[in-house]
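Understanding the architecture of this molecule
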Amino acid sequence: MLALFRVDPPATRSREAKCQHAGMSVDGYRAMTSALRDFLDLVATAGPGADVDALTTDLRRWTDRLAPHRVDESRRVFGERFDLPDRGQTMTPLFVPRLVTTVRAEGVARFGEYFLGSNGAAHGGAVPLLFDEVLGHVVLARGLRARTAYLHTEYRAITPIGRDLTVRARVDRVSGRKLFLTAELSDGDAVCAESEALFVELRDGAP
Ligand SMILES: CCCCC/C=C\C/C=C\C/C=C\C/C=C\CCCC(=O)SCCNC(=O)CCNC(=O)[C@H](O)C(C)(C)COP(=O)(O)OP(=O)(O)OC[C@H]1O[C@@H](n2cnc3c(N)ncnc32)[C@H](O)[C@@H]1OP(=O)(O)O
């Protein structure tokens, strides 16, 4: 029986509580990370004429405003917002889950301009980053504390920038603490990349 997983409710509540305790609006955090994604895409596409000196001054002001609000990892919100399509983080290409169960995940992936390698193709390192994210959702849906032991990626065709792609991941085999998974990224009928991964469930007490 598949356990449908979209959001982990207790975690979500606690993350929302974190936002609220931090005096941070829940929707505001989403708006901020979304605006940051847009900004990073435009940094990547900026050409001559962009007023980089003024922007740098503004950016320094942004960092000065955030610096006093630094908290330790356990109290951070970044990447912990399971109620949001991108977990409220900008580090990975966008993954909007359609379905996450204990055995598979599927959703839309989109590589913004920020993830361009060259010639319209996504950076080769950004593709496994996406796979790790998607596979991580499946592993997390099983309620496991696990880490990626390996993640092998085969690049079959370029991964285009700025288009909605489909990403699928599944558990192939479980052996003790080891979870063997595979994933596939496709652009319509064309397979862009495939991945094989091993996640290992952490021993009790492991950090
Ligand atoms: C789901 C993960 C969530 C983690 C993040 C948490 C919160 C994030 C929030 C939200 C998550 C949402 C989405 C998730 C997004 C991303 C998920 C990212 C997950 C990661 O990105 S995480 C960081 C990168 N990752 C590491 O930083 C690992 C460093 N490493 C280690 O921490 C250890 O190395 C470990 C724990 C892997 C194993 O250590 P260990 O001591 O527990 O176990 P041991 O070594 O005994 O191996 C046991 C059996 O696995 C076999 N084995 C081990 N390694 C192998 C390999 N490479 N190839 C082939 N077989 C291997 C052995 O051969 C043995 O096999 P056998 O039992 O058959 O002999």
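Residues numbered from 1 in each chain as written. Predicted model: local features only at pLDDT ≥ 70, side-chain atom pairs only at ≥ 80, totals over all residues. Heavy atoms only, no water.

Quick notes on the site of the ligand
Close to the ligand lie 19 residues; Asp132, Thr148, Arg177, Lys178 and Arg203 are nearest. Interatomic distance of 3.3 Å between a backbone N/O atom of Ala149 and a nitrogen atom of the ligand. Within the side chain of Arg177, one N or O atom sits 2.9 Å away from an oxygen atom of the ligand. If the ligand stood free it would expose 1,300 Å²; the protein chains cover 53% of that surface. Mapped onto the shell around the ligand, the elements with two or more residues apiece are helix 4 (126-141), strand 5 (146-155) and strand 8 (190-201). Element by element, the count of residues in the shell around the ligand is highest for helix 4, at six residues. By residue class, the composition of the shell around the ligand is nine nonpolar, three polar and seven charged. (Near = heavy atom within 4 Å. Polar contact = N/O pair within 3.5 Å; in protein donor to acceptor, adjacent residues only side chain to side chain. Areas by Shrake-Rupley, 256 points an atom, 1.4 Å probe, with all protein chains shown as cover. Helix = DSSP H or I, 4+ residues; strand = E, 2+ residues; numbered from the N terminus. Nonpolar A, V, L, I, M, F, W, Y, C, P; charged D, E, K, R; others polar.)

A closer look at the sheet that holds strand 7 (residues 178-187)
Taken together, the six strands give an open sheet; going across it, the order is 1-2-6-7-8-5, and neighbouring strands pair in antiparallel fashion. Each edge of the open sheet is held by one strand with a lone partner, namely strand 1 (94-100) and strand 5. Sheet twist, expressed as the mean angle between neighbouring strand axes with direction ignored, is 25 degrees. Where strand 2 (residues 104-110) meets strand 6 (residues 165-175), six bridges bridge the pair, whose relative direction is antiparallel. (Pairing = 2+ DSSP bridges. Axes fitted to C-alpha atoms, helices over the stretch in contact; angles between N-to-C directions.)

Observations concerning the UniProt feature "domain: Thioesterase" (unreviewed entry) in the protein chain
Under the feature "domain: Thioesterase" (unreviewed entry), the UniProt entry names residues 119-189. Taken end to end, residues 119-189 is 23% helix and 46% strand, and its first and last C-alpha atoms sit 21 Å apart. (UniProt positions renumbered as here; feature names shortened; annotations may be inferred.)

Observations concerning the pairing of strand 1
For strand 1 and strand 2, the ladder comprises six bridges, and the chain directions are antiparallel. Among the inter-strand pairings, Leu99 is bridged to a residue of strand 2, identified as Glu106. Hairpin connection from strand 1 to strand 2: three residues lie between these consecutive antiparallel strands.

Notes on the pattern of salt bridges
Across all of its chains, the model carries 11 salt bridges by this definition. Across the salt bridge formed by Arg87 and Glu133, the nearest N and O atoms sit 2.5 Å from each other. Residue Arg87 is located in the loop between helix 3 (52-66) and strand 1, and its partner Glu133 is located in helix 4; the two are separated by 46 residues in the primary sequence. Each of the two residues, Arg87 as well as Glu133, counts as buried. The partner of Arg156 in a salt bridge is Glu154, with the nearest N and O atoms 3.9 Å apart. (Salt bridge = Lys/Arg side-chain N within 4 Å of Asp/Glu carboxyl O. Buried < 20%, exposed > 50% of the residue type's maximum accessible area, 1.4 Å probe, protein only.)

Overview of the packing of aromatic side chains
Scanning the entire structure with this criterion turns up three aromatic pairs. With 6.3 Å between their ring centres and 90 degrees between their planes, Phe111 and Phe115 make a pair best called edge-to-face. Here Phe111 matches Phe115 in class, with each residue buried. With a centroid separation of 5.2 Å and an interplanar angle of 80 degrees, the aromatic rings of Tyr114 and Phe115 are classed as edge-to-face. Looking at Tyr114, the relative accessible area reads 41%, which means it is partly exposed. (Phe/Tyr/Trp six-rings, centres within 6.5 Å; stacked < 30°, edge-to-face > 60°.)

Quick notes on unusual backbone geometry
Notably, Arg87 is not glycine yet its phi reads approximately 60 degrees, a positive angle. Not every positive phi belongs to a glycine, and Asn119 is a case in point at roughly 50 degrees. Within the secondary structure, Asn119 sits in the loop between strand 3 (116-118) and strand 4 (121-122).

Concerning the side chain of Glu106
With respect to the element layout, Glu106 can be found in strand 2. Not counting chain neighbours up to four residues away, the residues in contact with Glu106 comprise Phe95, Pro97, Arg98, Leu99, Val167 and Arg168. (Contact = heavy atoms within 4.5 Å.)

What about the environment of Glu133?
Residue Glu133 is classed as buried on the basis of its relative accessible area, which comes to 10%. Distance from Glu133 to Leu94, taken between C-alpha atoms, is 9.7 Å for residues 39 residues apart in sequence. Excluding residues within four positions of it along the chain, Glu133 makes contact with Arg87, Gln89, Thr92 and Phe95.

Topic: helix 4
Helix length check: helix 4, at 16 residues, gives a terminal C-alpha distance of 23 Å against a target of 22 Å (1.5 Å per residue), a fit within 8%. Counting buried positions over the 16 residues of helix 4 gives 12, a clear majority of the element. Of all the residues in helix 4, the buried ones are Ala126, Val127, Pro128, Leu130, Phe131, Glu133, Val134, Leu135, His137, Val138, Val139 and Ala141. Two residues or fewer after helix 4 comes Gly143, characterised by a positive phi angle close to 75 degrees. (Expected span 1.5 Å × (residues − 1).)

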